[in-house]
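These are the residues of each chain, in order.
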Amino acid sequence: MTETSINYAKALYGLSVPGEAICETGRIFKNTPEIGKMLENPLVSLKEKEQVIERIFPQEMKSFLKVTCKYQKIDRIGEILEAYDAYSREQKGILKAELLYVTRPAEEQENKMKEFLRSQFSAREVELTLTEDKSLVGGFVLRAGDREYDWSLIGRYKKLKQKLTRR
């Protein structure tokens, strides 16, 4: 993510725009890529872009989108919205994590993993995405922030192989 996108995301967060308006804006850009292409097009006047924004987007997002068009940053709107999501979670103390598993963990195990992540990252809440991955052979891999906890059989095998080849 670029510094510019992060700065725009922080500005958007500071505007206290309702989450639903931001989600709706993201959906519009995702579902109708022609709109994004038109707003990015340098041959389309700023006035025409503003008219499209007025007709299509949620009221709470219109000013922000007009500014991004004015300063020719609308081509980064996907990145800005992604950075907004990450920054918003960070401000609220929510950690986004992913669990890759072979056998789905029991609810009690899942709760223990969340508690572990809360203590490791000083987070208030953990959003855990569960993904089945048979290539792990057994065990699991837990990813959060810039860390990865690999307790999979394939991961242990690779570590053992590394140790043996170093000798």
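Refer to the structure above for everything that follows.
Values in this document were obtained by computation on a predicted structure and should not be read as measured data.

S.K.: Got a minute to help me understand the packing of helix H4 (residues 46-56) against helix H5 (residues 62-70) in this structure?
M.R.: Two numbers describe a pair of packed helices, the interaxial angle and the distance between the axes. Axis separation between H4 and H5 bottoms out at 10 Å; the angle between their running directions is 155°. By the criterion of interaxial angle, the relationship of H4 to H5 is roughly antiparallel. The chirality of how H4 crosses H5 is right-handed. Residues Leu46, Lys49, Glu50, Ile53 and Glu54 of H4 pack against Lys62, Leu65, Lys66, Cys69 and Lys70 of H5.

S.K.: Help me understand the sheet that holds strand E3 (residues 140-144), please; the structure alone is not making it clear to me.
M.R.: Sheets are built from strands that pair by backbone hydrogen bonding, the pairs being arranged parallel or antiparallel. In spatial order, the strands read E2-E1-E3-E4; together these 4 strands make up an open sheet with mixed pairing. The sheet terminates laterally at strand E2 (125-132) and strand E4 (147-150), the two strands that pair on one side only. Averaged over all pairs of adjacent strands, the angle between strand axes in this sheet comes to 20°, irrespective of strand direction. Across 5 bridges, strand E1 (residues 94-101) lies against E3 in antiparallel orientation.

S.K.: Looking at this structure, how should I read the side chain of Thr25?
M.R.: Its location among the elements puts Thr25 in helix H2 (residues 19-31). The class for Thr25 is buried, based on a relative accessible area of 0%. A polar atom in the side chain of Thr25 sits 2.8 Å from the backbone oxygen of Ala21. Once residues lying within four places of it in the same chain are set aside, the contact partners of Thr25 are Phe57, Pro58, Met61 and Leu65.

Criteria and thresholds
- Residues numbered from 1 in each chain as written.
- Predicted model: local features only at pLDDT ≥ 70, side-chain atom pairs only at ≥ 80, totals over all residues.
- Heavy atoms only, no water.
- Axes fitted to C-alpha atoms, helices over the stretch in contact; angles between N-to-C directions.
- Helix = DSSP H or I, 4+ residues; strand = E, 2+ residues; numbered from the N terminus.
- Parallel < 35°, antiparallel > 145°, perpendicular 65-115°, else oblique.
- Left-handed = near helix turned anticlockwise from the far one by under 90°.
- Contact = heavy atoms within 4.5 Å.
- Pairing = 2+ DSSP bridges.
- Buried < 20%, exposed > 50% of the residue type's maximum accessible area, 1.4 Å probe, protein only.
- Polar contact = N/O pair within 3.5 Å; in protein donor to acceptor, adjacent residues only side chain to side chain.

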